[in-house]
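This is what each chain is made of:
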Amino acid sequence: ADSLNSLDRFYQEFNNRVQSSKTLLCFSLGQTNKVLWDFWGHTYNNPGCDHAETVALRAIKDFLKQCREEMSRKYELTMYLSFSPCAGCCKRLTAFVRSESAVQVSILVSRLYFPQYRDTRENLRQLVHSGIRLEVMGRKDFEKCHHLFVDYCSNFEEWPELDEESENGRAVLQGILEQHLAVTDTRRCWNQLDLTRA
Ligand SMILES: [Zn+2]
């Protein structure tokens, strides 16, 4: 596999001010309350074939299969993604947490992938509903990702308008996730109306 230690790639893919045709995913899997990771890596999407999430989940599932006898282990999986998951990948991630109940998943994304699509928004809500933590990356997250996966020694160099773009992304994501609450509230009102009528 190609190394991520070429700094250019990190800045090229994670910069939230510029667009890219690729997705870069960095992940770490570790046991809860342990400092050292058990399994980690990075991957890109496979153009015209698998998305980065599919590639990573396949490797993670294989790893977990080898640890099957250690039933009591609890894991934390953290994914740093240059783009948020598409509708299909949200479904795969949701299926993953349902089948791997010992794994707590956190996803941090630099940019939102086609948030204007209804299907994407609905599947992002399902993803969060399944117990996965989903956040838009801020300065501290970029720093941490850079520190953990790219270069432990050099300092993270921010780009112009990093914070503004993070705030925009967070607001859009929050809007998407709140939409769910609005739908739930409406449903609750309907139930109340039905009860009154009965
Ligand atoms: Zn995808």
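A brief structural summary.

Reading the values: rules and limits
Residues numbered from 1 in each chain as written. Predicted model: local features only at pLDDT ≥ 70, side-chain atom pairs only at ≥ 80, totals over all residues. Helix = DSSP H or I, 4+ residues; strand = E, 2+ residues; numbered from the N terminus. Expected span 1.5 Å × (residues − 1). Buried ≥ 20, exposed ≤ 12 C-beta atoms within 10 Å, placed from the backbone. Arc of directions from axis to C-beta. Contact = placed C-beta atoms within 7 Å. Pairing = 2+ DSSP bridges. Right-handed = clockwise from strand over helix to strand, strands pointing away.

1. A closer look at helix α3 (residues 87-99)
So, point 1. End to end, α3 covers 19 Å across 13 residues, agreeing with the expected 18 Å (1.5 Å per residue, within 8%).
So, point 2. Buried within α3 are the following residues: Cys89, Cys90, Leu93, Thr94 and Phe96. What you see down the axis of α3 is that its buried residues fit within an arc of 155 degrees, all on one side. Away from its buried face by more than 90 degrees, α3 exposes Ala95, Arg98 and Ser99.
So, point 3. Contacts from the buried residues of α3 go to α2 (52-66), β4 (103-111) and α4 (118-129).

2. Structural notes on the pairing of β4
So, point 1. Where strand β3 (residues 75-83) meets β4, 8 bridges bridge the pair, whose relative direction is parallel. Following the sheet pairing, Leu81 is matched in β4 by Val109.
So, point 2. Regarding topology, α3 serves as the crossover connection from β3 to the parallel β4, and that connection is right-handed.
So, point 3. In this sheet, strand β5 (residues 133-136) lies alongside β4 in parallel orientation, the contact comprising 4 bridges. The residue bridging Ser106 from the neighbouring strand is Arg133, located in β5.
So, point 4. As a crossover connection, the stretch from β4 through α4 into β5 is right-handed.

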